[in-house]
Amino acid sequence: MCTCLQGAERRGARDAGGVALTPPRGEDYSGARARFSRDCAHKSLNPKLIRELQNLLGRDAVLFAREDLLLYEYDGSVEIARPECVVFPSSTREVSEIMRLAKRYETPLVGRGAGTGLSGGALPRAGGIVAVFSRMNRILEIDAESRRAVVQPGVVNLDITRAVEHLGLYFAPDPSSQKSCTIGGNVSENAGGPHTLAYGVTTNHVTGLEIVLPDDGRVVRIGGKTAEPLGYDLTGLMVGSEGTLAIVTEITVRLSRKPEAVKTLLAVYDAVDDATESVVEITRRGITPAACEMLDGWTLRTVEDFVHAGFPRDCAAVLLLEVEGLAEAAEEQAAEISEVCRAHGAREVRLARDARERDLLWKGRKNAFGAIGRLSPSYYVLDGVIPRTRLPATLRRIEEIGRAYGFRIGNIFHAGDGNLHPLILFDPRNAGEFERVVAAAREIIQYCIAMGGALTGEHGVGMEKNELMPLMFTPEDLALMARVRDAFNPDALLNPQKILPLGKGCGELRVLPQTAASALPA
Amino acid sequence: MSENLLSETQLARLEQLLGAARTVTDPASLTAYEVDGMLPAAAVRPADAAEVAELVRAAAAEKLAVIPCSGRSKLSIGGVPARYDVALDLSALNRLVSYDPGDLTLSVEPGVRIQDLQRELGQHGQFLPLEVAFSDRATVGGAIATNAYSPLRAHFGSARDFVLGMEFVTGLGEIAKSGGRVVKNVTGYDLHKLLIGSLGTLAVITRVHFRTFPRPAERRVFTAAFDKARAAHEFCRAVAASPLEPRAIEMLNPGAAEISGLAAQAAADARAWRVVIAAAGSAAVVGRHARDLERMAREAGAANFEAWSGADAAKPLRAIREFVRLALERSASAVILRIAVLPASAAALAENLAVIAGAHDLDAALAVGSAGSAGTGYVALWPRSESRADAVTDEAQASFASAVKELLEAAGSGGAPARAFVECCPTALKRRISLWGAAREDFELMQRVKKIFDPHGVLAPGRYCGGL
């Protein structure tokens, strides 16, 4: 059966190829990039459409010169796709009008926040218009008593917390990029972060949306301030739909109350297995830390050289743990975690003495990718999920895969919820190296899924993993998802060629072929 | 009671699929599957998702309407079915498919009774935060399909926050799934969220993946009594603004305290408003709640403050969990509304309720959870005078209908609109009032969703908002 391929996606598809886990065959990485640039360079929008966009938004809100567009062909992933035009709407009405124009000119439209996404979600894979939400960055309402804020999509994640912290409130989802990423992007990708272990990801903190529908530019409000949806939970469907069903123009978020006490611990290990076994035991005992992050020794040293957070340079792994809540609860949980870690071979468990020490530890964690970027010409951050009890075996397997392919793989991830971020360092200038990265990455992801895990925990599917969807979903699952997509986005104008496999034929829908090193263990 | 007839060939087809033993057609047995006075022509009892899919395909081919059920404790929820031919009884899909206590994850079939499941989880020191009505009969499928009210949602959120994924059968008879079995996952569309609370109108749930939670070392429940709604509300606000982390916090009006038996048990005025708070955790954490809550209750002018521990601790929470059952026991013609109200307007709603109910000669019970976040809860209305208890007279119906309308309007007005829908009421009244309040702007999108999942209207037609 081939039903998941039918419909609008195919009709709207323009061949733009793809990189990362769906590599262009027979070309190395640099070749792929060059090919992309060529492909995109010759495309240009209908001049009439550009004029209409200028009339609508003003000249300063429409970019179409090649040198301007170059800035928008990247996001935080290893993907690349250049828009033909970039627009900066200032209001929901303008977004609606842009959508109508895109429809009239049969031109793809992709929303973009800060471009920090890690799966190519904000890249215009089929060209067309990119709408950047930086001018829609107002916090419209703060309702402290109901613990809600109504915000525009261009508001930076951390700015929500900054706006409400004087009220003792904060916005819980905290992706590492929270100083720059926007809430619109968070909603599209259903972003996570270290503290989602205890508090849930973006979808658990969004109660209502204003959306613009792709078929006619109509503006509709779904959900609301109250916690209970009345009617089908359309908000739950929209959050994490990666901008493929509608454009979000306003978001009602749930605010959380700051805990009375926070304790941050750093457990230091001489063996990776001891660290992962500690995580398994913490989970098994039913302790729910607010965060439970792991950094392996190599990553730690790299981070330490850059951030000087005071991480020990000579260890095999650390766990960065945080407990929050009532003073009594935080005290007890910190003691219990400390005991578990020591019992599992931690040579030292440090407790951050004050807010400064705590901030320093987190600075190390949140700037880790930047630190690694100093070392290697390029790196590829994976995102996979496993059941937490499989952590020790999975890290050993990742290490083996890295050795087999000859790559250094760093590990810095959300251990508490089994959300791995193996980080593969490579040099795209070496012929064939990117293809081997892709092969290694695919093996790791396949292993995660074989363990009962998931393809992505927080980065999204985007154009990075859409061809891997059959690893998790049957053709019937995907066909239903495609029908949902087509019902909202019938002409595939909105963020085309994302999430679902493009599948140019039934053969390609099947699970991707096994690669080099070894097949999956049974 | 209206009866439904299937043709001989239609019946034969159903029997052929599952065999006569799992196809019930005799009228006496079918009364157990009554929905709003309608009986199906057959009840079928599939054993797995594949059989569910076959049955739904057969029903679609024969243009039959199917209502999924299992514990049958919540079949009174929803509009009068547009058609009802076959009861799809999922009670044989009652397996615990996998449970990994170390990962705190669980996969179960819809027919598993919540009580049995909690017992199993309890053996591993865990539980699911589904404290729902009719707990002796309620099943996982029903609790999810109705998004059943649980007082623990103040702390744990509702099903959408701890359901990780689902497998289900669409109205086209396709077996599909979304989400996964791990606690963090953003792969693909979260289709399962659409099924939560959809009353079986989109798909038949055949498997649910949950995250489970560790049982606390100690639990204690506190009740505080107040003379006025405003004082009770102020107390709730103070608790919400404090660092305390209660598992449940519910405000009950005197009517709710009366039907729940709390009014008789607690040493306070029978006409008092009550706030019920559940705390859980270590001895130190529960002790802190006890101290702080007592102080805050005193400061808010509570007439009485009591702590319930041990076996008694379950009593006040049970009263809230079983609100619907208790209201129906009080009056079979009770109208029960599920409400969602912002904390800022909870007190206003409570006062409106008293005025509106009084004007229509009705008694009212209200239980609303309001822990810091937007509150949700129940309102029940029933006739004051016994002579009208049957609620079948035109006059009584008209009075109910306008009370509900006024209440929905009052709840939906102002800067902080509340939402409400009628979860339960006599069938005769269902035909007279709009259960779901005014039509909303997203209704057209809901129609699209229905069309994707169940284009032929096989699944529970007419039961959901706007007759979906």
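Residues numbered from 1 in each chain as written. Chains lettered and ligands numbered in written order. Predicted model: local features only at pLDDT ≥ 70, side-chain atom pairs only at ≥ 80, totals over all residues.

K.L.:
Outline the overall build of chain B, supporting the account with residue identities and numerical values.
P.N.:
A count of helices and strands for chain B gives 18 helices and 19 strands. Taking 2.2 N^0.38 as the reference for a compact globule, 468 residues should give roughly 23 Å; the C-alpha atoms of chain B span a radius of gyration of 22 Å, in line with that estimate. Overall, chain B is about 70 × 60 × 40 Å in size when its C-alpha atoms are taken along their principal axes. Across the 468 residues in chain B, those meeting the buried criterion constitute 59%. Of the contacts made within chain B by residues no fewer than 6 positions apart, 72% connect residues no fewer than 24 positions apart. (Helix = DSSP H or I, 4+ residues; strand = E, 2+ residues; numbered from the N terminus. Rg over C-alpha atoms; globule rule 2.2 N^0.38 Å. Buried ≥ 20, exposed ≤ 12 C-beta atoms within 10 Å, placed from the backbone. Contact = placed C-beta atoms within 7 Å.)

K.L.:
Can you tell me about the overall build of chain A, naming the residues and giving the values?
P.N.:
Along the backbone of chain A there are 18 helices and 20 strands. Here chain A holds 522 residues, and 61% of them are scored as buried. Residue pairs in contact within chain A that sit at least 24 positions apart in sequence constitute 73% of those at least 6 positions apart.

K.L.:
Tell me about the sheet that holds strand β3 (residues 109-112) of chain A, and name the residues and values.
P.N.:
Residues and elements named next belong to chain A. Pairing is mixed in the open sheet, where 4 strands are placed in the order β1-β2-β4-β3. Only two strands of the sheet have a single partner each, and these edge strands are β1 (62-63) and β3. Bridge analysis of β3 against strand β4 (residues 129-132) gives 4 bridges, and the strand direction is parallel. Each bridged residue has a counterpart across the sheet, and for leucine 109 the counterpart in β4 is isoleucine 129. Against the sheet, helix α5 (residues 92-104) contacts β2 (85-87), β3 and β4, and its axis sits at roughly 175° relative to β4. (Pairing = 2+ DSSP bridges. Axes fitted to C-alpha atoms, helices over the stretch in contact; angles between N-to-C directions.)

K.L.:
Requested: an account of the interface of chain B and chain A, with residues and values cited.
P.N.:
At the interface, 62 residues of chain B touch 67 residues of chain A. Counting only elements with at least two residues in the side of chain B that touches chain A, the list comes to α7 (159-162), β9 (175-179), α8 (191-195), α12 (283-299), β16 (335-341), α15 (343-359), β19 (419-424) and α18 (443-453) of chain B. Of all the elements, α18 of chain B adds the most residues to the side of chain B that touches chain A, at 5 residues. Considered class by class, the residues forming the side of chain B that touches chain A number 28 nonpolar, 17 polar and 17 charged. (Nonpolar A, V, L, I, M, F, W, Y, C, P; charged D, E, K, R; others polar.)

K.L.:
Requested: an account of unusual backbone geometry, with residues and values cited.
P.N.:
Notably, glutamate 242 of chain A is not glycine yet its phi reads approximately 55°, a positive angle. Residue placement: glutamate 242 of chain A occurs in the loop between α9 (234-238) and β10 (247-254). Its 27 C-beta neighbours within 10 Å are what place glutamate 242 of chain A among the buried residues. The phi dihedral of asparagine 147 of chain B is positive, around 45°, even though this residue is not glycine.

K.L.:
Residue-level account of helix α17 (residues 475-488) of chain A, with values.
P.N.:
Each α-helix turn comprises 3.6 residues. Residues three or four places apart therefore point the same way. Residues and elements named next belong to chain A. Taking 1.5 Å as the rise per residue, α17 with 14 residues should run 20 Å; its terminal C-alpha atoms sit 20 Å apart, in good agreement. Within α17, 11 of the 14 residues are buried, leaving the element largely enclosed by the surrounding structure. Among the residues of α17, Pro475, Asp477, Leu478, Ala479, Leu480, Met481, Ala482, Arg483, Val484, Arg485 and Phe488 are the ones counted as buried. (Expected span 1.5 Å × (residues − 1).)

K.L.:
Tell me about the environment of arginine 429 of chain A, residues and numbers included.
P.N.:
Locating arginine 429 of chain A in the fold gives a position in the loop between β20 (422-426) and α16 (433-450). Placed 47 residues apart in sequence, arginine 429 of chain A and leucine 382 of chain A show a C-alpha to C-alpha distance of 20 Å.

K.L.:
Tell me about the domain arrangement of chain A, and please be specific about residues and values.
P.N.:
Residues and elements named next belong to chain A. The domain boundaries assigned to chain A delineate domain 1 (146-257) and domain 2 (259-371). Each partner contributes to the interface: domain 1 provides 5 residues, whereas domain 2 provides 9 residues. Its residues assigned to classes, the side of domain 1 that touches domain 2 shows 3 nonpolar, 2 polar and no charged. (Domains from an automatic or database assignment.)

K.L.:
Quick one: what's the story with the domain arrangement of chain B, residue by residue and with numbers?
P.N.:
All names here are of chain B. Under the domain assignment, chain B is made up of domain 1 (1-215), domain 2 (218-319) and domain 3 (323-430). The distance between the C-alpha centroids of domain 1 and domain 3 comes to 28 Å. Class assignment of the residues belonging to the side of domain 1 that touches domain 3 gives a composition of 7 nonpolar, 3 polar and 2 charged.

K.L.:
Just give me the short version of the pairing of strand β14 (residues 273-281) of chain B, but keep the residues and values in it.
P.N.:
All names here are of chain B. Of all 9 residues that make up β14, 9 are buried, and the element is covered over most of its length. Burial of β14 is two-sided: the residues Trp273, Val275, Ile277, Ala279 and Gly281 facing one way and the residues Arg274, Val276, Ala278 and Ala280 facing the other way are all buried. With 9 bridges joining them, strand β12 (residues 218-226) and β14 adopt antiparallel strand pairing. Paired with valine 221 across the bridge in β14 is alanine 278. As judged from the 5 bridges shared by strand β13 (residues 248-252) and β14, these two strands associate in the antiparallel manner. Of the residues in β14, the one forming a bridge with methionine 251 is valine 275.

K.L.:
Just give me the short version of the sheet that holds strand β15 (residues 346-351) of chain A, but keep the residues and values in it.
P.N.:
Residue and element names in this part refer to chain A. With antiparallel pairing, 7 strands are arranged side by side in an open sheet as β15-β12-β14-β13-β18-β20-β16. With partners counted over all chains shown, the strands left at the sheet margins are β15 and β16 (378-381), one partner each. Neighbour to neighbour, the strand axes of the sheet diverge by 20° on average, direction disregarded. Looking at chain direction, strand β13 (residues 291-296) and strand β18 (residues 409-413) are connected through 2 bridges and run antiparallel. From the neighbouring strand, methionine 294 faces β18, where its bridge partner is phenylalanine 413. Docked against the sheet, α16 engages β16 and β20, running at close to 165° with respect to β20.

K.L.:
Pulling in residues and values, what's your account of the environment of phenylalanine 453 of chain B?
P.N.:
Residues and elements named next belong to chain B. Within the element layout of this structure, phenylalanine 453 appears in helix α18. In this structure, the C-alpha to C-alpha distance between phenylalanine 453 and glycine 173, residues 280 residues apart in sequence, is 9.6 Å. Beyond its immediate stretch of four places on either side in the chain, phenylalanine 453 contacts Thr170, Gly171, Leu202 and Ala203.

K.L.:
Outline the environment of arginine 388 of chain A, supporting the account with residue identities and numerical values.
P.N.:
Residues and elements named next belong to chain A. For arginine 388, the location among the structural elements is in the loop between β17 (384-385) and α15 (391-405). Residue class for arginine 388 comes out buried when judged on the 28 C-beta atoms lying within 10 Å of it. As for arginine 388 and glutamine 333, which are separated by 55 residues in sequence, their C-alpha atoms are 19 Å apart.

K.L.:
Can you explain α15 of chain A? Please cite residues and give values.
P.N.:
All names here are of chain A. Over its 15 residues, α15 runs 21 Å from end to end, which matches the ideal 21 Å to within 8%, given 1.5 Å per residue. Those residues of α15 not exposed but buried are Leu391, Thr394, Leu395, Arg397, Ile398, Ile401, Gly402 and Tyr405. For α15, the buried positions fall inside an angular range of 160° around the axis, keeping them on one side. Buried residues belonging to α15 abut α10 (272-284), β18, β19 (419-420), β20 and α16. Just beyond α15, the residue with positive phi is glycine 406, at close to 75°. (Arc of directions from axis to C-beta.)

K.L.:
For the confidence of the model for chain A, give the residues involved together with the corresponding values.
P.N.:
Residue and element names in this part refer to chain A. Summary statistics for chain A give a mean pLDDT of 87 and a share of 88% for residues scoring 70 or more. Confidence over residues 1-20 falls short of pLDDT 50; this stretch has 58 contacts with residues more than four positions distant or in other chains. Low pLDDT, under 50, characterises residues 505-522; the stretch is placed with 26 contacts to residues that sit more than four places away or in other chains. (pLDDT = per-residue confidence, 0-100.)

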